[in-house]
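The lines below spell out each chain.
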Amino acid sequence: LEVADQRRLQDAKVSVAITNGSKSILLELPRTPKPGLFRGRLVLDVAGSTNATGAVPRVVAANGDVLKAAYLDPSNESAKAEAAVDTIKPKISQVQFEPGYADAVVTWTTDKPTDSLVRFGESRGDDSFLTRSSYDGGLGTSHELVLSGLVPDHRYYFQVVVRDAAGNATTDSRGGKYFTFRTLKPITAPWRDSLERGTTGWEV
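Owing to the predicted nature of the structure, the values given are computational and were not obtained by experimental measurement.

Which parts of the structure should I look at to understand the pairing of strand β12 (residues 155-163)?
Here is the key point about a regular strand: its side chains alternate between the two faces of the sheet. With 7 of its 9 residues buried, β12 lies for the most part within the structure. The pairing of β12 with strand β14 (residues 179-182) spans 4 bridges and is classified as antiparallel. Of the residues in β14, the one forming a bridge with Y157 is T180. Examined bridge by bridge, β12 and strand β13 (residues 169-172) share 4 bridges and lie antiparallel to one another. In the sheet register, V160 faces β13, and the bridge partner there is D172. Connecting the antiparallel pair β12 and β13 is a turn made up of 5 residues, with G167 showing a positive phi of about 95°.

As structure tokens, then:
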């Protein structure tokens, strides 16, 4: 949460409430090095959670609730903001890939708008072996990423990772086995073809 008020010299105080009727709290936002900017944080706690300790204020919330924040400046002018609480992780489906000689295209869909990340590598240990990545921060439900800089006739392993606007993340690593493909093997010389037999793969 951030509040901008050039006239305030003390820390700002924001009233935070949840539409499920839980008790509202008064959140204090300390000053930042930037004049007039105040920043604070709270934790949205799942209803029934027993972990309520810590210095950061906690508010009980569930998926579908609305977080409401209200700020009253020194001139008694109010500012209000709302944000929907989303705790549902996105679902990944239809992961497909099409390898080339030195690259590969990976596509998939999600049931809600998310960003796009593919982590890939040449070994299949834990995910620390997936040392390279391709990323697109745009939110959408149809995803396509190009994995470039690959070696021809080489096997690669990858997993798909997505995150929605609320920060809920999902990883699909095919049950820990990882998706895998092999880049195409180049044609070696000498090579001959009459170009009359309907061979596919040619572009002009």
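The rest of the description comes next.
How should the pairing of strand β7 (residues 66-72) be read in this particular structure?
Of the two faces of β7, the one holding L67, A69 and Y71 is buried and the one holding V66, K68, A70 and L72 is not buried anywhere. One ladder, built from 5 bridges, connects strand β2 (residues 12-18) with β7; its direction is antiparallel. Paired with S15 across the strands is A70, a residue of β7. Relative to strand β8 (residues 78-84), β7 runs antiparallel, the two sharing 7 bridges. Residue pairing for β8: A69 is matched across the bridge by A81.

Help me understand the nonpolar core in this model?
One recurring pattern in soluble globular proteins is that nonpolar side chains are buried together. Within the largest apolar cluster, 16 residues are counted, with the highest numbers of intra-cluster contacts made by V95, W108, V118, F158 and V160. Secondary structure elements with two or more residues in this core: β9 (92-99), β10 (103-121), β11 (132-148), β12 and β14. Broken down by element, the residue count for this core peaks at 5 residues, all from β10. Here V95 is in contact with V106, T107, W108, F158, V160, D172 and F179, once residues within four sequence places are set aside.

Would you mind going over the packing of aromatic side chains with me for this structure?
Within this structure, the stated rule accounts for 5 aromatic pairs. Relative to F181, the ring of Y156 lies with its centre 5.8 Å away and its plane at 25°, an arrangement referred to as stacked. Of this pair, Y156 sits in strand β12 while F181 sits in strand β14, and the two are 25 residues apart along the sequence. Taken together through their ring pairs, the aromatic side chains of F97, Y156, F158, F179 and F181 make up a single cluster.

Any chance you could explain the sheet that holds β2 here in plain terms?
Pairing between the strands of a sheet is mediated by backbone hydrogen bonds and can be parallel or antiparallel. Read across the sheet, 4 strands follow the order β3-β2-β7-β8 without closing on themselves; strand pairing throughout is antiparallel. On the outer flanks of this sheet lie β3 (25-29) and β8, each paired with one strand and no other. Pairs of neighbouring strands in the sheet enclose a mean axial angle of 25°, with direction left out of account.

Teacher, can you tell me more about unusual backbone geometry here?
Working note: non-glycine residues mostly have negative phi, and peptide bonds are mostly trans. A189 connects to P190 through a cis peptide bond whose omega is 0°. Positive phi values are uncommon outside glycine, yet R174 reaches one of about 55°. Looking at where R174 falls in the secondary structure, it is placed in the loop between β13 and β14.

Help me out: how do you make sense of the pattern of salt bridges in this one?
Here the idea is simple: oppositely charged side chains can pair when their charged atoms come close. All told, the structure shown has 6 salt bridges when counted by the stated rule. A salt bridge links K68 to E82; the nearest nitrogen and oxygen atoms lie 3.9 Å apart. Of this pair, K68 sits in strand β7 while E82 sits in strand β8, placing them 14 residues apart in sequence. The partner of D86 in a salt bridge is K112, and the shortest N-O contact between them spans 2.7 Å.

Would you mind going over a positive patch on the surface with me for this structure?
Where like charges cluster on the molecular surface, the positive patch consists of R124, R155, R174 and K177. Judged by its relative accessible area of 41%, R174 falls in the partly exposed class.

Here is what the cut-offs are and how they apply
- Residues numbered from 1 in each chain as written.
- Predicted model: local features only at pLDDT ≥ 70, side-chain atom pairs only at ≥ 80, totals over all residues.
- Heavy atoms only, no water.
- Buried < 20%, exposed > 50% of the residue type's maximum accessible area, 1.4 Å probe, protein only.
- Helix = DSSP H or I, 4+ residues; strand = E, 2+ residues; numbered from the N terminus.
- Pairing = 2+ DSSP bridges.
- Core = buried A, V, L, I, M, F, W, Y, C linked by side-chain atoms within 4.5 Å.
- Contact = heavy atoms within 4.5 Å.
- Phe/Tyr/Trp six-rings, centres within 6.5 Å; stacked < 30°, edge-to-face > 60°.
- Axes fitted to C-alpha atoms, helices over the stretch in contact; angles between N-to-C directions.
- Salt bridge = Lys/Arg side-chain N within 4 Å of Asp/Glu carboxyl O.
- Patch = residues over 30% accessible without salt bridge, like charges linked within 9 Å, V, L, I, M, F, W, Y side chains within 5 Å.
- Areas by Shrake-Rupley, 256 points an atom, 1.4 Å probe, with all protein chains shown as cover.
- Lys, Arg positive; Asp, Glu negative; His and termini not counted.
- Charge placed at Lys NZ, Arg CZ, Asp CG, Glu CD.

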